[in-house]
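# Architecture at a glance
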Amino acid sequence: MADSPLVTALIRSMDRPVLRRALDCAAAQTYPNLEILVVAACGARHQELPATWNGRPVRMVRSDSRLPRAEAANAGLDTARGEWINLLDDDDEWTADHVEHLLTFATQGSARLVYATAEIRNEHNEHAGFVGRHGTHMQLYYQNRSQPTATMFHRSLIEDGARFDPAFEILEDWDFAIQCARLTEFRWLPEVTCIWHAGAGESGCGVGANEDREKHQRFADRVRAKWRHQFESWMQDPKEMLFLGQRHLKEGNVDTALDLLETVLAALPNDLNALNLCAMANMHANRLGRAEELLNQANRLRPGLAPITANLELVRARRLAASGSDQ
């Protein structure tokens, strides 16, 4: 596979003992054309690394002073040679087929950013969930829907101006994702190909001892303020509005959800998801006749679809109960 694109495994390192595990993970990749680039984020005290690690080429970005998270990432971007780049923090892990699976997935579409699912581990190395899901760009208003270790992006995004913003002490990856979302679609590979040790480190963005809710909220507010106009622009897209309406419905903001979903339905009158969600919003607003009308329309489009049938039965049962209580 001499013609296969070069991939850069970009490791921001504080020279912790777990660095060896990260290097082992990168070196063990089944994908052949890979370089390992280590950014000495802890400054001059970082140990020197060999030119190869288990047969893989290793390069270092040295610094006389400590590099915060964004600056360390940018130093790596400026030095990376790969056509595709994937961050791997020194306390996280990849499965051996992570790069191969993501790159194969990337070549099957036009998205310049692809991501897999990461398993979350707490400070006791116990399973604590997963991160990674399908979604729309509007979802980035709430959180980054992928974990950096699970995410591979094309270097053309950097050439188009995407950078890690030094203004963000944390959540620089969320801000970076929004920058990329302005330039490309995202695609999710629904496979677990890495481990995020969220209980390790001191960022405050993880779980357990590595969770600082006040700090996280402070920087989340900054992300949303920085990109307010972009989110307003995305809101003009009916599919983005559909996601937002679904989010409000899940959170119990029925009136807001209903306004959003009825607007979406006017633009996408034969969209099954819009019909179903709008019906549910109408049901929760006690507009049962409208809810049944929408579900009947959905059922005509796709007869016998289980979720539609179940919701139609639920709405009819509520209408029957309501008519019975009126007698």
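On a predicted model such as this, the values are computed, not experimentally measured, just so you know. Within each chain, residue numbers correspond to sequence positions counted from 1 in written order. Where local features are concerned, this predicted model is filtered to residues with pLDDT of at least 70; where side-chain atom pairs are given and counted, the filter is 80 or more; whole-chain, interface and lining totals use all residues. With hydrogens and water set aside, each side-chain value is computed from the structure's full complement of heavy atoms.

### Description of the packing of helix 5 (residues 172–181) against helix 6 (residues 213–226)
Closest axis-to-axis distance for the helix 5/helix 6 pair is 10 Å, and the angle between their directions is 20°. Taken together, helix 5 and helix 6 sit at an angle that is classed as roughly parallel. As helix 5 runs across helix 6, the sense of the crossing is right-handed. Packed against helix 5, whose contacting residues are Trp174, Asp175, Ile178 and Gln179, the element helix 6 presents Ala220, Val223, Arg224 and Lys226 at the interface. Throughout this entry, Asp, Glu, Lys and Arg are counted as charged residues, while Ala, Val, Leu, Ile, Met, Phe, Trp, Tyr, Cys and Pro are counted as nonpolar. The remaining residues, Gly among them, count as polar. Residue classes in the contact of helix 5 with helix 6 are distributed as four nonpolar, one polar and three charged. Helix axes are fitted only over the stretch in contact, all axes being lines through C-alpha atoms; the angle between N-to-C directions runs from 0 to 180 degrees. Secondary structure counts use DSSP, requiring at least four H or I residues in a row for a helix and at least two E residues in a row for a strand, with both numbered from the N terminus. Angles below 35 degrees are treated as roughly parallel, those above 145 as roughly antiparallel, those between 65 and 115 as roughly perpendicular, and all remaining angles as oblique. Whether a crossing is left-handed or right-handed is set by the direction in which the near helix is turned from the far one by less than a right angle, anticlockwise for left-handed and clockwise for right-handed. Note on contacts: a residue pair is in contact if any heavy atoms of the two residues lie within 4.5 Å.

### A closer look at the packing of aromatic side chains
Centres within 6.5 Å make a pair out of two Phe, Tyr or Trp rings, where for Trp the six-membered ring is used; the pair is then stacked when the planes are under 30 degrees apart, edge-to-face when over 60, and tilted otherwise. By the definition in use, this model includes six aromatic pairs. A ring pair is formed by tyrosine 141 and tyrosine 142, whose centres lie 5.2 Å apart and whose planes are at 80°; its orientation type is edge-to-face. Exposed residues in this analysis have more than 50% of their type's maximum accessible area, buried residues have under 20%, and partly exposed residues fall in between, with area computed by a 1.4 Å probe over protein chains only. Among the residues examined, tyrosine 142 registers a relative accessible area of 16% and is labelled buried. Measuring from centroid to centroid gives 5.7 Å for phenylalanine 231 and tryptophan 234, while their planes differ by 65°, and the two rings are edge-to-face. Placement of the pair is phenylalanine 231 and tryptophan 234 together in helix 7 (residues 228–234), with a separation of three residues, close to one helical turn. The same class applies to phenylalanine 231 as to tryptophan 234, namely buried. Three or more aromatic residues joined by ring pairs make a cluster, and in this case those are Tyr141, Tyr142, Phe231, Trp234 and Phe243. To sit over a ring, a charge needs its Lys NZ or Arg CZ within 6 Å of the ring centre and within 35 degrees of the ring normal. The ring of phenylalanine 105 has arginine 187 lying over it, and the distance from NZ or CZ to the ring centre is 3.9 Å. The lysine or arginine in question, arginine 224, covers the ring of tyrosine 141, its NZ or CZ lying 5.2 Å from the ring centre.

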